[in-house]
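Remarks on the overall topology
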Amino acid sequence: MARETAQPPILLTNARVIDPARRLDAAGAVLVADGVIVAAGPEALNQGAPEGATVIDLDGAIAAPGLVDMDVTVGEPGAEHRETLASASLAAAAGGITTIVTSPDTDPIIDDPALVDFVLRRARDTACVRVHPMAALTKRLAGEEMSEIGLLREAGAVAFSNGNHSITHSGVMRRLMTYARDFDALVVHHTEDPDLSGTGVMNEGLNASWKGLPSTPREAEIIMLERDLRLAKLTGGRYHARSLSCTDSVEALARAKAAGLDVTAGISINHLTLNENDIGPYRTFFKMAPPLRSEDERRAMVAALADGTIDVIVSAHDPQDVETKRHPFAEAADGAIGLETLLSAGLRLVHSGDVDLMTLLAAMTCNPANRLGLPVGRLSAGAPADIVVFDPDRPWVLDKTKIRSRSKNTPFEDARFTGKVLQTMVAGRLLPS
Amino acid sequence: MSAQTSPLADAYPHRHLLGIEGLQPHEILALLDRAEAAVEISRQVEKKKAVLRGRTQINLFFEASTRTQSSFEIAGKRLGADVMNMSVSSSSVKKGETLIDTAATLNAMHPDIIVVRHHAAGAVHLLAQKVGCSVINAGDGAHEHPTQALLDALTIRRHKGKIARLTVAICGDILHSRVARSNIILLNALGARVKVVAPSTLLPNGIRQMGVEVCAKMREGLADADIVMMLRLQRERMAGAFIPSVREYFRYYGLDAEKLSAAKPDALVMHPGPMNRGVEIDPEIADGPQSLIREQVEMGVAVRMAVLEALSAHLPNR
């Protein structure tokens with residue numbers, strides 16, 4: 001992200017200001033100066049525009065904190081043909097995302113402080129949104145040796161993840177969570193028992209059986225999550241399940257939270273808005289891990305988001321190209337891009353009446369920011385001036401040729417959305433839209 | 001096009017044959033009727049027809065197959081097509097050429113029909129999207145093997161005079177079997193009662209919702225059966241994983257005279273081949289009077305001729 005230079009204050013007027021951190025949803029304005037919020041909400045109206053301020057009339061559109069996406073895979077370093085930090089940041093900005101948290105499974109894997117430093121510096125020089133790298137939880141993501149959690153954290157790693165690989169060795173996981181606790185480090189874990197999921201490539205059930213595809217039972221996720229939650233209790237570590245997909249996982253999580261454990265969970269936008277039937281005739285853009293589940297499961301996950309059991313919504317952005325996706329379903333890579341469509345897809349849940357707008361935005365702003373200990377994701381005075389302006393009712397269709405991401409593997413090709421991002425501001429600077 | 005359509009083209013209005021799923025019962029019956037005629041052609045001295053004269057048929061096999069590939073080759077040649085066999089060994093796939101690359105390369109040579117076998121489910125669908133010619137699925141992973149189901153149906157109909165209301169027991173590795181899936185769909189479409197018999201580790205999830213009755217014991221599964229269809233056990237990936245041993249499998253699920261006695265006295269035995277004698281079937285049964293296994297091979301050529309002819313009616317420049 002480019003460094004800030006002096007610029008005139010900006011007043012966004014005639015706005016519907018939503019700040020989930022304060023549960024604020026009111027007509028008002030947002031005043032920004034020197035890269036931070038001066039005031040946001042009805043009170044910002046009273047102050048008027050300061051001398052020399054740029055005034056932008058939002059015409060009733062929503063001004064909310066810029067979104068925080070804590071599960072983004074970028075191809076830099078190692079697979080720049082799929083996505084660079086620069087291209088990912090442009091895609092993020094187009095989707096109203098002002099902070100991305102990157103996954104450590106690049107090539108090389110981010111398991112060394114020098115590599116954390118590399119990502120931060122590349123981001124500073126080339127990216128137009130904030131980038132916070134996660135570092136590898138274990139060396140080479142092999143699930144065996146602990147990485148240098150203290151040094152990596154000092155270098156700027158915002159959390160620790162084992163990427164797409166679950167740590168199967170319970171003893172290793174126990175020690176990781178114990179050690180990470182000393183550094184107040186958040187452990188983010190992909191919950192999938194690889195022995196149980198085996199060669200599975202889609203949700204186990206009738207659909208996979210007719211297609212003749214090897215399948216993954218829900219229990220692969222539930223067993224791994226339940227183990228992790230017991231270890232969280234044993235160790236007192238800070239734990240975040242990366243992306244859940246099953247009803248029983250939600251029940252286990254709710255029990256752990258009720259018992260007072262420091263545990264949270266995310267869900268990908270794909271698992272909230274798509275189901276296994278979308279795979280249709282072997283469409284590989286819908287192949288992901290965890291796999292898309294049944295409609296019943298999807299609805300249960302939406303309910304878990306609405307009642308607050310699930311804390312965070314992520315894009316699970318994972319750029320893949322034709323070399324990895326244009327294969328028979330079982331042989332294609334997992335993953336879908338999602339930065340540009342995160343908010344619009346999420347608004348489907350609001351328009352369907354399943355989730356209120358405040359809850360949706362909280363799961364994309366202050367909830368992940370709080371979990372990661374970042375000052376963003378809120379419009380309180382003094383917070384970084386990261387803002388998304390969007391019209392929740394504007395219809396649009398996703399045109400594949402206009403995707404900013406270098407990879408085009410979107411599950412929302414030609415999808416119709418209601419609700420579009422109009423402007424994105426990072427550190428008080430409006431990004432070109 | 002409409003001025004030139006034949007009755008078969010009207011009865012089978014599809015460009016490809018990717019699976020039994022999606023076919024209407026009358027379309028299946030039209031193919032079977034045509035195959036009856038092809039049986040007669042194959043039994044004559046002069047076996048050659050000109051339906052596919054000037055056409056190029058490529059048999060693209062990513063998985064080794066003797067029987068299916070030669071069956072398609074003979075069927076194509078009897079209809080006058082130029083047939084080219086292309087066996088893509090797994091080693092050349094590992095050189096980096098993807099299925100799509102192969103498809104694009106072949107497509108540039110202007111084939112009229114490509115017959116494809118691939119080890120991955122859905123691979124034939126993918127290929128069909130990327131080429132300009134007709135595509136026939138000769139087996140894709142554990143998904144479908146439509147010409148096998150058609151030849152099984154033809155064999156059954158020639159002996160029992162019908163498919164509807166027959167009881168068919170399909171026995172063995174249902175989980176990994178494309179033959180089982182295609183047969184379950186076809187037999188249900190034509191009104192047969194379908195039972196499956198297998199150890200539970202070899203049944204797909206949700207099998208009870210796939211239009212079959214599920215039995216864990218052979219004698220129970222074979223009760224009232226008019227047809228007993230045995231499936232091949234893929235021994236290399238079985239032992240210790242899905243079943244404890246081959247001898248235990250034969251003891252409980254191998255078809256022998258004792259188990260077959262639970263079926264109707266006039267029950268007939270089928271197997272898609274190649275057989276593992278002594279694993280899923282007793283040699284005495286495989287080569288016995290109730291066995292239709294040899295005849296299935298003959299019907300295979302006839303059914304494939306019928307399918308090729310049906311697709312040829314939709315080829316461009318006709």
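As a convention, each chain's residues are numbered from 1 in the sequence order in which they are written. All chains are assigned letters beginning at A, and all ligands numbers beginning at 1, according to the order in which they are written. Predicted model: local features are reported for residues with pLDDT of at least 70 only, side-chain atom pairs are reported and counted for 80 or more only, and whole-chain, interface and lining totals are derived from all residues. The side-chain values count all of the structure's non-hydrogen atoms but skip hydrogen atoms and water molecules.

1. Concerning the nonpolar core
By nonpolar core we mean a set of buried residues, namely Ala, Val, Leu, Ile, Met, Phe, Trp, Tyr and Cys, connected to one another through side-chain atoms within 4.5 Å. Buried residues are those whose accessible area, probed at 1.4 Å on protein chains only, stays under 20% of the maximum for their type, while exposed residues exceed 50% and partly exposed ones sit between those limits. Grouped together as the largest cluster of nonpolar side chains are 97 residues, with contacts concentrated most on A:Ile100, A:Tyr239, A:Ile313, A:Leu343 and A:Phe390. Among the elements that line this core, the one with the most residues is helix α14 (residues 357-364) of chain A, at six residues. B:Leu32, B:Ile163, B:Ile174 and B:Ala263 belong to the second largest nonpolar core, which has 93 residues in total. Secondary structure elements are taken from DSSP: a helix is a run of H or I of four residues or more, a strand is a run of E of two residues or more, and numbering for both begins at the N terminus.

2. A few points about the interface of chain A and chain B
Taken together, the contact between chain A and chain B spans 14 residues of the former and 22 residues of the latter. A 3.5 Å cut-off defines polar contacts: any pair of N or O atoms within that distance qualifies, except that in protein one atom must be a possible hydrogen donor and the other a possible acceptor, and neighbouring residues in sequence count only when both atoms are side-chain atoms. Put simply, chain A and chain B have five residue pairs in polar contact (both at pLDDT 80 or more) between them. The class makeup of the residues in the side of chain A that touches chain B is six nonpolar, four polar and four charged. The contact rule is simple, with two residues in contact once any of their heavy atoms fall within 4.5 Å. Side-chain classes follow a simple rule in which Ala, Val, Leu, Ile, Met, Phe, Trp, Tyr, Cys and Pro form the nonpolar group, Asp, Glu, Lys and Arg form the charged group, and the remainder, Gly included, forms the polar group.

3. Things to note about the packing of aromatic side chains
Each pair of aromatic rings taken from Phe, Tyr and Trp, with Trp reduced to its six-membered ring, is defined by centres within 6.5 Å and is described as stacked if the planes are under 30 degrees apart, edge-to-face if over 60, and tilted in the remaining cases. Summed over all chains, the structure comprises four aromatic pairs over all chains. With 5.3 Å between their ring centres and 40° between their planes, A:Tyr179 and A:Phe183 make a pair best called tilted. Judged by its relative accessible area of 34%, A:Phe183 falls in the partly exposed class. Arranged with centres 5.1 Å apart and planes meeting at 35°, the rings of A:Trp396 and A:Phe417 form a pair that is tilted. Of the two residues, A:Trp396 sits in strand β16 (residues 387-397) while A:Phe417 sits in strand β17 (residues 416-426), which places them 21 residues apart along the sequence. For A:Trp396, a relative accessible area of 17% corresponds to the buried category. A relative accessible area of 2% places A:Phe417 in the buried class. Through a chain of ring-to-ring contacts, three or more aromatic side chains come together here, namely A:Trp396, A:Phe412 and A:Phe417. Geometrically, a lysine NZ or arginine CZ counts as sitting over a ring once it is within 6 Å of the ring centre and also within 35 degrees of the ring normal. The ring centre of B:Phe72 lies 4.9 Å from the NZ or CZ of B:Arg304, which sits over that ring.

4. Description of helix α8 (residues 219-235) of chain A
All names here are of chain A. One less than the residue count of a helix, multiplied by 1.5 Å, gives the span that helix is expected to have. With 17 residues, α8 extends 24 Å between its outermost C-alpha atoms, agreeing within 8% with the 24 Å of an ideal straight helix rising 1.5 Å per residue. Among the residues making up α8, those that are buried are Ala 220, Glu 221, Ile 222, Met 224, Leu 225, Arg 227, Asp 228, Leu 229, Leu 231, Ala 232 and Thr 235. Within two residues after α8, Gly 236 carries a phi angle of roughly 70°, on the positive side.

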